Amino acid sequence: MSDLALSAMNAEAKRERSAAGSLRIVQTACIFVIALVIISPLFMLVIASLKDDRFQILADMGSFRAFWVSNPTLSNFAEVGNLSGELAFGRYLVNSLIILASTVSAGLIVNSMAGFVLAWGSLRGRALILSLVIALYVIPQESIIMPLVIMVSRAGMTDTFAVQIVPWIASPLYIYLFYQFFAQLPKELFEAAQIDGASVFRIYRSIFLPLSLPALATVSILMGIETWNQYLWPILVTQTDYARPISVAIATFFGQDSIYWDRAMAASVLMMLPILALYLVFQRWFVSSFVGSAVKG
(Lines give C-alpha, C1' and ligand atoms only; values in the text may rest on other atoms or scores of the structure.)
Protein backbone atom coordinates (compact mmCIF):
# COMPACT_ATOMS: atom_id res chain seq x y z
CA MET A 1 0.00 0.00 0.00
CA SER A 2 1.39 3.39 -1.03
CA ASP A 3 2.20 6.23 1.33
CA LEU A 4 -0.52 8.29 -0.35
CA ALA A 5 -3.17 5.68 0.49
CA LEU A 6 -1.97 5.46 4.10
CA SER A 7 -2.13 9.22 4.44
CA ALA A 8 -5.66 9.26 3.08
CA MET A 9 -6.74 6.54 5.54
CA ASN A 10 -5.17 8.37 8.46
CA ALA A 11 -6.85 11.60 7.43
CA GLU A 12 -10.22 9.82 7.17
CA ALA A 13 -9.73 8.25 10.61
CA LYS A 14 -8.91 11.66 12.09
CA ARG A 15 -12.04 13.17 10.53
CA GLU A 16 -14.18 10.34 11.97
CA ARG A 17 -12.65 10.82 15.45
CA SER A 18 -13.19 14.56 15.18
CA ALA A 19 -16.82 14.06 14.12
CA ALA A 20 -17.37 11.59 16.96
CA GLY A 21 -15.84 14.04 19.43
CA SER A 22 -18.01 16.88 18.17
CA LEU A 23 -21.09 14.66 18.43
CA ARG A 24 -20.25 13.80 22.06
CA ILE A 25 -19.82 17.49 22.85
CA VAL A 26 -23.22 18.31 21.33
CA GLN A 27 -24.88 15.42 23.16
CA THR A 28 -23.32 16.45 26.47
CA ALA A 29 -24.41 20.05 25.95
CA CYS A 30 -27.98 18.98 25.14
CA ILE A 31 -28.15 16.73 28.20
CA PHE A 32 -26.78 19.56 30.36
CA VAL A 33 -29.39 22.02 29.04
CA ILE A 34 -32.23 19.53 29.55
CA ALA A 35 -31.05 18.73 33.08
CA LEU A 36 -30.75 22.45 33.84
CA VAL A 37 -34.31 23.09 32.65
CA ILE A 38 -35.66 20.23 34.75
CA ILE A 39 -33.64 20.87 37.91
CA SER A 40 -33.81 24.69 37.97
CA PRO A 41 -37.43 24.97 39.22
CA LEU A 42 -36.80 22.36 41.92
CA PHE A 43 -33.60 24.10 43.03
CA MET A 44 -35.39 27.46 43.09
CA LEU A 45 -38.19 25.90 45.16
CA VAL A 46 -35.74 24.58 47.76
CA ILE A 47 -33.89 27.92 47.92
CA ALA A 48 -37.15 29.85 48.34
CA SER A 49 -38.20 27.55 51.18
CA LEU A 50 -35.05 28.54 53.07
CA LYS A 51 -35.87 32.28 52.96
CA ASP A 52 -37.84 33.79 55.85
CA ASP A 53 -39.12 36.86 53.98
CA ARG A 54 -42.08 36.21 51.71
CA PHE A 55 -41.82 39.62 50.09
CA GLN A 56 -38.15 39.02 49.28
CA ILE A 57 -39.10 35.77 47.54
CA LEU A 58 -41.45 37.66 45.22
CA ALA A 59 -38.84 40.36 44.64
CA ASP A 60 -36.19 37.77 43.72
CA MET A 61 -38.38 35.99 41.18
CA GLY A 62 -37.21 36.58 37.63
CA SER A 63 -33.57 37.15 38.58
CA PHE A 64 -30.59 35.03 39.54
CA ARG A 65 -31.19 35.99 43.18
CA ALA A 66 -33.96 33.39 43.16
CA PHE A 67 -31.22 30.71 43.14
CA TRP A 68 -29.33 32.06 46.15
CA VAL A 69 -30.06 32.56 49.83
CA SER A 70 -27.69 34.51 52.05
CA ASN A 71 -29.20 33.56 55.43
CA PRO A 72 -30.83 30.13 55.12
CA THR A 73 -33.31 29.13 57.81
CA LEU A 74 -35.47 26.11 58.58
CA SER A 75 -38.11 28.16 60.39
CA ASN A 76 -40.58 27.73 57.52
CA PHE A 77 -40.40 23.96 57.83
CA ALA A 78 -40.88 24.20 61.59
CA GLU A 79 -44.03 26.28 61.10
CA VAL A 80 -45.65 24.16 58.39
CA GLY A 81 -44.63 20.89 60.02
CA ASN A 82 -47.12 21.34 62.87
CA LEU A 83 -49.80 18.70 63.36
CA SER A 84 -52.37 21.29 64.48
CA GLY A 85 -53.09 24.95 63.98
CA GLU A 86 -53.73 27.20 61.01
CA LEU A 87 -50.73 25.96 59.00
CA ALA A 88 -50.91 22.29 60.00
CA PHE A 89 -49.26 20.93 56.87
CA GLY A 90 -47.64 18.25 58.99
CA ARG A 91 -51.07 16.71 59.51
CA TYR A 92 -51.93 16.96 55.82
CA LEU A 93 -48.61 15.30 55.00
CA VAL A 94 -49.37 12.45 57.40
CA ASN A 95 -52.80 12.07 55.79
CA SER A 96 -51.21 11.86 52.35
CA LEU A 97 -48.68 9.28 53.55
CA ILE A 98 -51.48 7.12 54.99
CA ILE A 99 -53.41 7.32 51.71
CA LEU A 100 -50.28 6.62 49.66
CA ALA A 101 -49.13 3.62 51.68
CA SER A 102 -52.62 2.08 51.86
CA THR A 103 -53.44 2.57 48.18
CA VAL A 104 -50.12 1.29 46.87
CA SER A 105 -50.00 -1.72 49.23
CA ALA A 106 -53.56 -2.81 48.46
CA GLY A 107 -53.13 -1.99 44.77
CA LEU A 108 -50.07 -4.21 44.42
CA ILE A 109 -51.94 -7.16 45.91
CA VAL A 110 -55.22 -6.73 44.00
CA ASN A 111 -53.75 -5.83 40.61
CA SER A 112 -51.04 -8.50 40.73
CA MET A 113 -53.58 -11.18 41.66
CA ALA A 114 -55.89 -10.09 38.84
CA GLY A 115 -53.00 -10.06 36.36
CA PHE A 116 -51.86 -13.51 37.47
CA VAL A 117 -55.33 -14.99 37.10
CA LEU A 118 -55.68 -13.53 33.61
CA ALA A 119 -52.29 -14.95 32.65
CA TRP A 120 -52.38 -18.42 34.25
CA GLY A 121 -55.77 -19.00 35.84
CA SER A 122 -58.29 -21.50 34.48
CA LEU A 123 -60.80 -18.78 33.69
CA ARG A 124 -63.38 -18.91 30.92
CA GLY A 125 -63.44 -15.98 28.55
CA ARG A 126 -60.03 -14.70 29.57
CA ALA A 127 -59.49 -13.04 26.18
CA LEU A 128 -62.81 -11.20 26.48
CA ILE A 129 -62.07 -10.09 30.06
CA LEU A 130 -58.61 -8.89 29.02
CA SER A 131 -60.14 -6.91 26.16
CA LEU A 132 -62.61 -5.30 28.58
CA VAL A 133 -59.77 -4.42 30.96
CA ILE A 134 -57.89 -2.69 28.15
CA ALA A 135 -61.08 -0.94 27.02
CA LEU A 136 -61.70 0.37 30.54
CA TYR A 137 -58.31 2.04 30.52
CA VAL A 138 -59.40 4.17 27.55
CA ILE A 139 -62.28 5.69 29.55
CA PRO A 140 -61.20 9.05 31.06
CA GLN A 141 -61.27 9.18 34.85
CA GLU A 142 -63.13 12.49 34.77
CA SER A 143 -66.09 10.90 32.97
CA ILE A 144 -66.89 8.59 35.90
CA ILE A 145 -65.93 10.87 38.77
CA MET A 146 -69.37 12.48 39.32
CA PRO A 147 -71.32 9.17 39.40
CA LEU A 148 -68.63 7.87 41.74
CA VAL A 149 -69.08 10.90 44.02
CA ILE A 150 -72.82 10.17 44.21
CA MET A 151 -72.14 6.50 45.02
CA VAL A 152 -69.72 7.21 47.86
CA SER A 153 -71.99 9.94 49.24
CA ARG A 154 -74.92 7.56 49.46
CA ALA A 155 -72.64 4.98 51.08
CA GLY A 156 -71.62 7.51 53.75
CA MET A 157 -67.93 7.33 52.85
CA THR A 158 -67.25 11.02 52.25
CA ASP A 159 -64.59 12.83 54.29
CA THR A 160 -62.79 9.60 55.19
CA PHE A 161 -59.52 7.93 54.28
CA ALA A 162 -61.39 4.99 52.73
CA VAL A 163 -63.06 7.13 50.07
CA GLN A 164 -59.63 8.23 48.85
CA ILE A 165 -58.20 4.70 48.87
CA VAL A 166 -60.81 2.10 47.89
CA PRO A 167 -61.94 3.51 44.48
CA TRP A 168 -58.35 3.64 43.15
CA ILE A 169 -56.96 0.31 44.33
CA ALA A 170 -57.80 -1.62 41.16
CA SER A 171 -56.69 -0.14 37.85
CA PRO A 172 -56.96 -1.55 34.30
CA LEU A 173 -53.49 -0.24 33.47
CA TYR A 174 -51.75 -1.97 36.38
CA ILE A 175 -53.71 -5.20 35.91
CA TYR A 176 -52.53 -5.28 32.30
CA LEU A 177 -48.92 -4.52 33.30
CA PHE A 178 -48.92 -7.46 35.71
CA TYR A 179 -50.64 -9.68 33.16
CA GLN A 180 -48.01 -8.83 30.56
CA PHE A 181 -45.19 -9.61 32.99
CA PHE A 182 -46.64 -12.89 34.26
CA ALA A 183 -47.50 -14.08 30.74
CA GLN A 184 -43.82 -13.78 29.73
CA LEU A 185 -42.63 -16.17 32.45
CA PRO A 186 -41.87 -19.76 31.34
CA LYS A 187 -44.83 -22.11 31.16
CA GLU A 188 -42.64 -24.92 32.51
CA LEU A 189 -42.31 -23.05 35.80
CA PHE A 190 -46.07 -23.08 36.34
CA GLU A 191 -46.45 -26.69 35.25
CA ALA A 192 -43.60 -27.91 37.49
CA ALA A 193 -45.21 -26.23 40.50
CA GLN A 194 -48.54 -27.86 39.67
CA ILE A 195 -46.88 -31.28 39.44
CA ASP A 196 -45.43 -30.72 42.92
CA GLY A 197 -48.98 -30.22 44.18
CA ALA A 198 -48.90 -26.46 44.71
CA SER A 199 -52.21 -24.62 44.49
CA VAL A 200 -52.70 -21.66 42.15
CA PHE A 201 -52.49 -19.21 45.05
CA ARG A 202 -49.32 -20.91 46.36
CA ILE A 203 -47.74 -20.65 42.89
CA TYR A 204 -48.65 -16.96 42.78
CA ARG A 205 -47.43 -16.16 46.30
CA SER A 206 -44.28 -18.28 46.49
CA ILE A 207 -42.98 -18.36 42.91
CA PHE A 208 -44.40 -15.72 40.58
CA LEU A 209 -44.69 -12.82 43.00
CA PRO A 210 -41.01 -12.93 44.11
CA LEU A 211 -40.00 -12.97 40.43
CA SER A 212 -42.06 -9.87 39.66
CA LEU A 213 -39.94 -7.27 41.49
CA PRO A 214 -39.50 -5.12 38.33
CA ALA A 215 -43.28 -5.09 37.76
CA LEU A 216 -43.95 -4.40 41.45
CA ALA A 217 -41.47 -1.50 41.41
CA THR A 218 -42.94 -0.04 38.22
CA VAL A 219 -46.51 -0.21 39.51
CA SER A 220 -45.46 1.15 42.93
CA ILE A 221 -43.91 4.24 41.38
CA LEU A 222 -46.67 4.88 38.83
CA MET A 223 -49.47 4.28 41.33
CA GLY A 224 -47.64 6.29 43.98
CA ILE A 225 -47.26 9.31 41.70
CA GLU A 226 -50.88 9.06 40.58
CA THR A 227 -52.14 8.80 44.17
CA TRP A 228 -49.86 11.53 45.51
CA ASN A 229 -50.90 14.01 42.81
CA GLN A 230 -54.64 13.44 43.20
CA TYR A 231 -56.43 16.77 43.50
CA LEU A 232 -59.88 16.74 41.89
CA TRP A 233 -61.12 13.64 43.71
CA PRO A 234 -59.99 14.64 47.24
CA ILE A 235 -61.40 18.15 46.89
CA LEU A 236 -64.80 16.65 45.96
CA VAL A 237 -64.99 14.10 48.78
CA THR A 238 -63.32 15.90 51.72
CA GLN A 239 -64.89 18.78 53.63
CA THR A 240 -62.74 18.95 56.78
CA ASP A 241 -59.08 18.61 57.73
CA TYR A 242 -59.58 15.09 59.09
CA ALA A 243 -58.51 13.21 55.94
CA ARG A 244 -57.56 16.05 53.57
CA PRO A 245 -54.27 15.38 51.69
CA ILE A 246 -51.48 17.91 51.34
CA SER A 247 -52.19 18.59 47.64
CA VAL A 248 -55.61 20.03 48.48
CA ALA A 249 -54.25 21.80 51.56
CA ILE A 250 -51.58 23.64 49.57
CA ALA A 251 -54.12 24.73 46.96
CA THR A 252 -56.38 26.06 49.73
CA PHE A 253 -53.42 27.87 51.25
CA PHE A 254 -52.73 29.67 47.97
CA GLY A 255 -56.36 30.72 47.78
CA GLN A 256 -56.20 32.82 50.95
CA ASP A 257 -56.10 36.62 50.80
CA SER A 258 -52.58 36.78 52.22
CA ILE A 259 -50.21 34.22 50.73
CA TYR A 260 -47.17 33.34 52.79
CA TRP A 261 -44.87 32.31 49.98
CA ASP A 262 -42.07 31.21 52.29
CA ARG A 263 -44.28 28.72 54.11
CA ALA A 264 -45.98 27.63 50.90
CA MET A 265 -42.60 26.84 49.37
CA ALA A 266 -41.61 24.84 52.46
CA ALA A 267 -44.89 22.90 52.26
CA SER A 268 -44.24 22.18 48.58
CA VAL A 269 -40.80 20.78 49.42
CA LEU A 270 -42.36 18.54 52.08
CA MET A 271 -44.85 17.33 49.49
CA MET A 272 -42.06 16.54 47.03
CA LEU A 273 -39.83 14.51 49.36
CA PRO A 274 -41.94 11.33 49.95
CA ILE A 275 -42.61 10.63 46.28
CA LEU A 276 -38.94 11.30 45.49
CA ALA A 277 -37.94 8.83 48.19
CA LEU A 278 -40.35 6.26 46.72
CA TYR A 279 -38.70 6.60 43.33
CA LEU A 280 -35.18 6.30 44.76
CA VAL A 281 -36.11 3.13 46.66
CA PHE A 282 -37.52 1.37 43.58
CA GLN A 283 -35.33 3.05 40.94
CA ARG A 284 -33.17 0.01 40.14
CA TRP A 285 -36.10 -2.32 39.43
CA PHE A 286 -38.07 0.45 37.73
CA VAL A 287 -35.29 1.12 35.20
CA SER A 288 -34.62 -2.59 34.64
CA SER A 289 -38.31 -3.14 33.92
CA PHE A 290 -38.34 -0.53 31.15
CA VAL A 291 -35.01 -1.71 29.73
CA GLY A 292 -36.24 -5.31 29.68
CA SER A 293 -39.48 -4.29 27.94
CA ALA A 294 -37.54 -2.33 25.31
CA VAL A 295 -35.19 -5.25 24.62
CA LYS A 296 -38.07 -7.73 24.34
CA GLY A 297 -40.01 -5.34 22.14
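Fair warning: this is a prediction, and the values are worked out from it, not measured in the lab. (Residues numbered from 1 in each chain as written. Predicted model: local features only at pLDDT ≥ 70, side-chain atom pairs only at ≥ 80, totals over all residues. Heavy atoms only, no water.)

## What about the packing of aromatic side chains?
Step number 1: On inspection of all chains with the given rule, the structure shows 15 aromatic pairs.
Step number 2: Seen from their ring centres, Trp 120 and Phe 190 are 5.2 Å apart, and the 15° between their planes marks the pair as stacked. With Trp 120 in helix H4 (residues 89-120) and Phe 190 in helix H9 (residues 187-195), the pair connects residues that are 70 residues apart, well separated along the chain.
Step number 3: Where Trp 120 meets Phe 208, the ring centres are 5.8 Å apart and the plane angle is 65°; that geometry is what we call edge-to-face. Taken as a pair, Trp 120 in helix H4 and Phe 208 in helix H10 (residues 200-211) lie far apart in primary sequence, 88 residues in all. (Phe/Tyr/Trp six-rings, centres within 6.5 Å; stacked < 30°, edge-to-face > 60°. Helix = DSSP H or I, 4+ residues; strand = E, 2+ residues; numbered from the N terminus.)

## Focus on the UniProt feature "transmembrane region" (unreviewed entry) in the chain
Step number 1: The UniProt feature table records "transmembrane region" (unreviewed entry) at residues 25-48, 97-120, 127-149, 161-182, 203-225 and 264-282.
Step number 2: The straight-line gap between the two end C-alpha atoms of residues 97-120 is 34 Å; of that span, 100% is helix and 0% is strand.
Step number 3: The straight-line gap between the two end C-alpha atoms of residues 203-225 is 30 Å; of that span, 96% is helix and 0% is strand. (UniProt positions renumbered as here; feature names shortened; annotations may be inferred.)

## Comments concerning the nonpolar core
Step number 1: One finds Phe 89, Phe 116, Phe 182, Phe 208 and Ile 246 to be the most contacted residues of the largest nonpolar core, which totals 43 residues.
Step number 2: The element that contributes the greatest number of residues to this core is H4, accounting for nine residues.
Step number 3: Counting contributing residues, this core receives three or more from each of domain 1 (3-72) and domain 2 (78-295).
Step number 4: In this view, Phe 182 contacts Ser 112, Gly 115, Phe 116, Ala 119, Trp 120, Phe 208 and Ser 212; residues no more than four positions away in its chain are not counted. (Core = buried A, V, L, I, M, F, W, Y, C linked by side-chain atoms within 4.5 Å. Buried < 20%, exposed > 50% of the residue type's maximum accessible area, 1.4 Å probe, protein only. Domains from an automatic or database assignment. Contact = heavy atoms within 4.5 Å.)

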